[in-house]
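Structural overview
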Amino acid sequence: MIETFWSHLVEIAVATSAVLVVAVFGGVTTDTGSWYKALRFPALKPPDWAFGPGWSIIFALIATAGVVAWNDAPDSVTRWRLIALFVVNALLNLAWTPLYFKLRRPDWALIELVPFWISILALILFCISFSPRSAALLAPYLAWVTFAGWLNWQVVRLNAPFSTRDEAAE
């Protein structure tokens, strides 16, 4: 029983650490300065303050889904595939924010969002066969990124064209 407690504690610590790395990187690379404030947004855009709590909930659900799926996995091959899918998803999640905010290229971020979205769907479809609970925990992530994709598309539509020149230096 003590071994089970410690193994679950390790699983929770690893999942929490992984999502914290992604979350902190996203927060550090998000710049809502003058460039961002000058963008035109659709009327359905939530207030800026809502994104932090929204992502916090999503990241908590992702970590929980990872632990649940890990424990529900029928064998080590499934666990390694699960890890691979989560790593790919994390890398794609990490790529979006700097494209949008640091490079100031919402158009490139929108293109990158397609494989990012597919990686979430792949996680859900992979997990559903052996861990429907983890798939359900990932569903809000897919919904959130779908909405974020719509917002991203609207920003591109309302503000294009974008360039890579550093307008802050002007």
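As a starting point, this report considers the structure included with it. In this text, all values refer to a predicted model and were calculated from it rather than measured experimentally.

1. A closer look at helix α3 (residues 51-72)
The end-to-end C-alpha distance of α3 is 31 Å, a good match for the 32 Å that 22 residues give at a rise of 1.5 Å each. The set of residues buried in α3 consists of Gly54, Ile58, Phe59, Ile62, Ala63, Ala65, Gly66, Val67, Val68 and Ala69.

2. What about the packing of aromatic side chains?
Enumeration according to the criterion identifies 13 aromatic pairs in this entry. Linked through ring pairs, Trp35, Tyr36, Phe41, Trp96, Tyr100 and Phe101 together constitute an aromatic cluster. The ring of Trp70 is capped by Arg79, whose NZ or CZ atom sits 4.8 Å from the centre of that ring.

3. Looking at the packing of helix α5 (residues 106-128) against helix α6 (residues 132-159)
Running from N to C, α5 and α6 point in directions that differ by 165°, and their axes come no closer than 9 Å. Taken together, the axis directions place α5 and α6 in an arrangement best described as roughly antiparallel. Here α5 runs over α6; the crossing is left-handed.

4. Examining unusual backbone geometry
In the segment running from Ala160 into Pro161, the intervening peptide bond is cis, with an omega of 5°. Residue placement: Pro161 occurs in the segment after α6. Phi at Arg104 takes a positive value of approximately 60°, unusual for a residue other than glycine. Considering the arrangement of structural elements, one finds Arg104 in the loop between α4 (76-102) and α5.

5. Looking at the layout of surface pockets
Its volume calculated, the largest pocket comes out at about 670 Å³. Forming the boundary of the largest pocket are 31 residues, of which Thr30, Phe51, Trp55, Trp96 and Phe101 lie nearest the centre. Listing elements by their share of the lining of the largest pocket, those giving two or more residues are α1 (2-28), α3, α4, α5 and α6. Here the residues of the lining of the largest pocket sort into 20 nonpolar, nine polar and two charged. Taken as a whole, the second largest pocket spans an internal volume of roughly 480 Å³. Val14, Ala15, Ala18, Gly66 and Phe86 are the residues nearest the centre of the second largest pocket, which is lined by 22 residues in total. Residue assignment for the lining of the second largest pocket shows that the elements contributing at least two residues are α1, α3 and α4. Looking at the lining of the second largest pocket, its residues break down into 18 nonpolar, three polar and one charged.

6. A short note on the side chain of Asn152
Counting through the fold element by element, Asn152 comes out in helix α6. In terms of polar contacts, Asn152 uses its side chain to reach the backbone carbonyl oxygen of Pro106, at 2.9 Å. Ignoring sequence-local partners within four residues, the contact set of Asn152 consists of Trp96, Tyr100, Pro106, Ala109, Leu110 and Leu113.

7. Describing the nonpolar core
In this structure, Leu39, Ile62, Tyr100, Ile120, Cys127, Leu138 and Tyr141 are the most contacted members of the largest nonpolar core, which totals 38 residues. Contributing elements (two or more residues each) for this core: α1, α2 (34-37), α3, α4, α5 and α6. Per element, the largest residue contribution to this core is eight residues, and it comes from α6. When sequence neighbours within four positions are dropped, the list of residues in contact with Leu39 reads Tyr100, Val155, Asn159 and Phe162.

Rules of the game
Residues numbered from 1 in each chain as written. Predicted model: local features only at pLDDT ≥ 70, side-chain atom pairs only at ≥ 80, totals over all residues. Heavy atoms only, no water. Helix = DSSP H or I, 4+ residues; strand = E, 2+ residues; numbered from the N terminus. Expected span 1.5 Å × (residues − 1). Buried < 20%, exposed > 50% of the residue type's maximum accessible area, 1.4 Å probe, protein only. Phe/Tyr/Trp six-rings, centres within 6.5 Å; stacked < 30°, edge-to-face > 60°. Lys NZ or Arg CZ within 6 Å of the ring centre and 35° of its normal. Axes fitted to C-alpha atoms, helices over the stretch in contact; angles between N-to-C directions. Parallel < 35°, antiparallel > 145°, perpendicular 65-115°, else oblique. Left-handed = near helix turned anticlockwise from the far one by under 90°. 1 Å grid on protein atoms, 1.4 Å probe; cavity = no way out; pocket = protein on both sides within 12 Å on 5 of 7 lines; lining within 4 Å. Points joined across faces, edges and corners; volume = space filled by probe spheres on them. Nonpolar A, V, L, I, M, F, W, Y, C, P; charged D, E, K, R; others polar. Polar contact = N/O pair within 3.5 Å; in protein donor to acceptor, adjacent residues only side chain to side chain. Contact = heavy atoms within 4.5 Å. Core = buried A, V, L, I, M, F, W, Y, C linked by side-chain atoms within 4.5 Å.

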